[in-house]
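# Residue-level structure breakdown
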Amino acid sequence: MHNIWAVGRNYSDHAKEFGSAVPSAAGEPMIFLKAGTCVVANGASFALPAWSTEVHFETELALQFAANPRVPGGVLVDAFTIALDLTARDAQNLAKQNGTPWTLAKSFRDSCPLGDWKPAGGVDLQNLEFSLKIDGVLKQKGCAREMIFAIPRLVQYLSERFPVAAGDILLTGTPAGVGPLHSGDRLQAQIHGHLEASWIVK
Ligand code: MG
């Protein structure tokens, strides 16, 4: 079981859609965790939590780390895929109001559908384009180029501050266009030219 690190507010258009301050690239990224047991495999179905009335999809480029042979204890990006950082928006809004952690909003059961991993070698990760369709309708799209904190900066920051290990996953943030999931939704996510993944909401 691996750690799932995640970045909040890494696309300015998404920060603005919830009225959040847009972070400065000269500052520090905002990192939170999802439990490693939150993963839903490609092709699987999952249920929404009964205690939330507003579970949102957030379509994100996911990276997986391997040990860096040139840096003792260091990691490097080894593989990539598409992920949904599912968020109980009602619980998150309450947490924001109360100044409490986002754990319930971000780390509930089945809150991290993942595609299949593809080797990162030779791939221009920072220019990957990705999208999500629900029942065949385009719901969200983005490009990793639009990140406020670029991938090398995220990896450097994580490595300096946290016990990142080989096999750990990083969700790199969502662009604008997040929205609610409903029972029966058929989700199709893709990284254009590289991979596709699908899940069904029970
Ligand atoms: Mg997110």
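Above: the structure in question.
Residues numbered from 1 in each chain as written. Predicted model: local features only at pLDDT ≥ 70, side-chain atom pairs only at ≥ 80, totals over all residues. Heavy atoms only, no water.

### A short note on the nonpolar core
Grouped together as the largest cluster of nonpolar side chains are 45 residues, with contacts concentrated most on L61, F80, L187 and W199. Counting residues per element, the ones that place at least two in this core are β1 (4-8), β5 (55-57), β6 (59-67), β7 (75-84), β11 (129-134), α4 (151-161), β15 (186-191) and β16 (195-201). Looking at which element gives the most residues to this core, the answer is α4, with 5 residues. Formed by 12 residues, the second largest nonpolar core is a distinct cluster that contains A62, A95, I169 and L171. (Core = buried A, V, L, I, M, F, W, Y, C linked by side-chain atoms within 4.5 Å. Buried < 20%, exposed > 50% of the residue type's maximum accessible area, 1.4 Å probe, protein only. Helix = DSSP H or I, 4+ residues; strand = E, 2+ residues; numbered from the N terminus.)

### Describing the sheet that holds β16
Read across the sheet, 5 strands follow the order β4-β16-β15-β11-β12 without closing on themselves; strand pairing throughout is mixed. The sheet is open, and its two borders are formed by β4 (45-46) and β12 (137-143), each paired with just one other strand. As judged from the 6 bridges shared by β15 and β16, these two strands associate in the antiparallel manner. Note that in β16 the partner of I191 across the bridge is L195. (Pairing = 2+ DSSP bridges.)

### Brief notes about the coordination of the magnesium ion
Looking at the magnesium ion, one finds its protein donor set to be E58 (OE), E60 (OE) and D85 (OD), positioned 2.0 to 2.1 Å from the metal centre. Sequence spacing of the donors to the magnesium ion: E-x1-E-x24-D. With E60 in strand β6 and D85 in the loop between β7 and β8 (87-88), this pair connects stretches of sequence that are 25 residues apart. For D85, a relative accessible area of 0% gives the class buried. (Donors = N, O, S within 2.8 Å, 3.2 Å for Na, K, Ca; no water.)

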